[in-house]
Amino acid sequence: MNQKYIVKFEQGTLEQSYKLAELDLSGGGVNEIFQIIDEAFIQTVISRFKDMRKDFREAYQRQQY
């Protein structure tokens, strides 16, 4: 899609997407993407999901009467 790889993570109703242009990669294609998505990156994704869930819950609670 437009010479980009899209990496998508989903957890319940939440979603994170990362777009990588082919030109930003050194030619390893999909295998190179799997190298980028290492354990440290996955841990930040998990942490971000926790923050997203907390942010949404707080926004939702502010609207409740």
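Note: the structure precedes this text.
Described below are features of the structure shown in this document. (Residues numbered from 1 in each chain as written. Predicted model: local features only at pLDDT ≥ 70, side-chain atom pairs only at ≥ 80, totals over all residues. Heavy atoms only, no water.)

### Structural notes on the pairing of strand E1 (residues 4–11)
Threshold: One bridge is not enough; two strands pair if DSSP finds at least two bridges between them. By the criteria applied, helices consist of DSSP H or I runs no shorter than four residues and strands consist of E runs no shorter than two, each listed in order from the N terminus.
Summarising the sheet, E1 and strand E2 (residues 14–21) pair through eight bridges and their orientation is antiparallel. Of the residues in E2, the one forming a bridge with Phe9 is Gln16. Between E1 and E2, which pair antiparallel and follow one another directly, the connecting turn spans two residues, one of which, Gly12, has a positive phi of 60°.

### A closer look at the packing of aromatic side chains
How we decide: A pair of Phe, Tyr and Trp rings is counted when the ring centres sit within 6.5 Å of each other, with Trp represented by its six-membered ring. The angle between the planes then sorts it: under 30 degrees is stacked, over 60 is edge-to-face, the rest tilted. The cut-offs for exposure are 20% and 50% of the maximum accessible area for each residue type, with area from a 1.4 Å probe on protein chains only; residues under the lower value are buried, those over the upper are exposed, and the others partly exposed.
By the definition in use, this model includes three aromatic pairs. With 6.2 Å between their ring centres and 80° between their planes, Phe9 and Tyr18 make a pair best called edge-to-face. Accessibility expressed as a relative area gives 17% for Phe9, which makes it buried. Judged by centre distance (6.0 Å) and plane angle (50°), the ring pair of Phe9 and Phe41 falls under tilted. Here the residue Phe9 occupies a position in strand E1, and Phe41 occupies one in helix H2 (residues 39–62), the gap between them amounting to 32 residues. Judged by its relative accessible area of 22%, Phe41 falls in the partly exposed class.

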